[in-house]
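Chain by chain, the residues:
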Amino acid sequence: MLAADRRRIILEEVTARGSVRVIDLAADLGVSEMTIRRDLDRLADAGELAKVHGGAVLSNSGAGRGVEPLSAQKAVRDTAEKRAIAAVAAGLVDEGMTVAVGAGTTTLELARLLRGRRVSVVTNSISIFHVLTDPDEAAADPTSASAVQLTGGQRTPSDALVGPVANAMLERVRCDVALLGCHGIDPGAGFTSPNIGEAETNRRLIGSARSTVLLADHTKYGEIGAHLFARFADVDALIVDDGLGRTARDSLASAVPLTIAEGVAR
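Here's what I pulled together on the structure shown here. (Residues numbered from 1 in each chain as written. Predicted model: local features only at pLDDT ≥ 70, side-chain atom pairs only at ≥ 80, totals over all residues. Heavy atoms only, no water.)

With respect to the pairing of strand 15 (residues 258–261)
Here is step 1: Here 4 bridges tie strand 14 (residues 237–241) to strand 15, and the two strands are oriented parallel to one another. In the strand pairing of strand 15, D241 is matched with A261.
Here is step 2: This β-α-β element, strand 14 to helix 11 (residues 246–253) to strand 15, shows right-handed connectivity. (Pairing = 2+ DSSP bridges. Helix = DSSP H or I, 4+ residues; strand = E, 2+ residues; numbered from the N terminus. Right-handed = clockwise from strand over helix to strand, strands pointing away.)

A short note on the pattern of salt bridges
Here is step 1: Going through the model one piece at a time under the given rule, you end up with 17 salt bridges.
Here is step 2: In the salt-bridge network here, residues are joined through shared partners; they are D5, R8, R83, E109 and R112. (Salt bridge = Lys/Arg side-chain N within 4 Å of Asp/Glu carboxyl O.)

Looking at the packing of aromatic side chains
Here is step 1: Counted by the stated rule, this structure contains 1 aromatic pair.
Here is step 2: When the ring of F191 is compared with that of F232, the centres are 5.0 Å apart and the planes differ by 55 degrees; the resulting orientation is tilted. Here the residue F191 occupies a position in strand 11 (residues 190–193), and F232 occupies one in the loop between strand 13 (227–230) and strand 14, the gap between them amounting to 41 residues. Grouping residues by exposure puts F191 and F232 together as buried. (Phe/Tyr/Trp six-rings, centres within 6.5 Å; stacked < 30°, edge-to-face > 60°. Buried < 20%, exposed > 50% of the residue type's maximum accessible area, 1.4 Å probe, protein only.)

Points about the sheet that holds strand 6 (residues 147–150)
Here is step 1: With respect to topology, 7 strands assemble into an open sheet ordered 6-5-4-9-12-14-15, the strand pairing being parallel. Taken across any chain shown, the strands that pair with only one partner, and hence form the sheet edges, are strand 6 and strand 15. Going across the sheet, the axis of each strand differs from the next one's by a mean of 20 degrees, ignoring polarity.
Here is step 2: Sheet topology places strand 4 (residues 98–101) next to strand 5 (residues 120–123); 4 bridges connect them, and they run parallel. Looking across to strand 5, one finds that T98 is bridged to S120.
Here is step 3: Of the strands in this sheet, strand 4, strand 5 and strand 6 are in contact with helix 7 (residues 126–133), which crosses strand 6 at around 155 degrees. (Axes fitted to C-alpha atoms, helices over the stretch in contact; angles between N-to-C directions. Contact = heavy atoms within 4.5 Å.)

Regarding the nonpolar core
Here is step 1: Ranked by size, the top nonpolar core spans 27 residues in total, and within it L110, L179 and L215 carry the most contacts.
Here is step 2: Contributions of two or more residues to this core are made by helix 5 (79–90), strand 4, helix 6 (105–114), helix 7, strand 9 (175–180), strand 12 (209–215) and strand 14.
Here is step 3: The element that contributes the greatest number of residues to this core is helix 5, accounting for 5 residues.
Here is step 4: Excluding anything up to four places from it in sequence, L179 contacts A89, V93, V99, A100, V101, G102, T107, L110, V213 and L215.
Here is step 5: If you look at the next biggest cluster of nonpolar residues, it comprises 26 residues, including C175, I206, A230 and F232. (Core = buried A, V, L, I, M, F, W, Y, C linked by side-chain atoms within 4.5 Å.)

Structure, rendered in structure tokens:
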């Protein structure tokens, strides 16, 4: 199991149950307690949980246009929808392409599908970097690692690297396509983020690529973050899941080429 996948499972457990114990996680995941403690250290450093004696508990967070949810909390929401969207997006990536992949839980699912493919990835996501370069997986299969460039920068709650260092790096790369997530989509407000630094770096990701595709599950429709990073005219395509209602589909389809990832809605 990839270290990134193991940490995702830990986050799912702590989000669902509120707390976890090291001894239980070690038994469930078939690894040592020391490995689990290192995972908890990494997740605590990222602000995604709080360590306590013998385990960890869920961190508290706020809500609102100017507050970015922790990636741990977003990672366990609408996972089937995100995987369906990621599968459609992966079909847009041809062998030999250079792809800019923005931070986010849907784009993280995309990164899992890009493992082992002959593509180059530029990303500002630490989680995506780990998925594509996991040393344990690479040792088992040296051909599985994609060529990945990680920007530097300041880390946000959504696990993105942003700011002047990230932006300067992105100004010097040229990609075939940018595949980005978003916090909110609104017909009037466009594509938005609650984090001003992430919005600016998303604009640089868009500027680095010949075309841009946005990936967003249906819950993002009608949400408005505090900071605009793209208008509909800036985007070449949008992929959503089939949980999006007919009225919303019609509204979006009139503004941007829309693809529905089918097979999720009941």
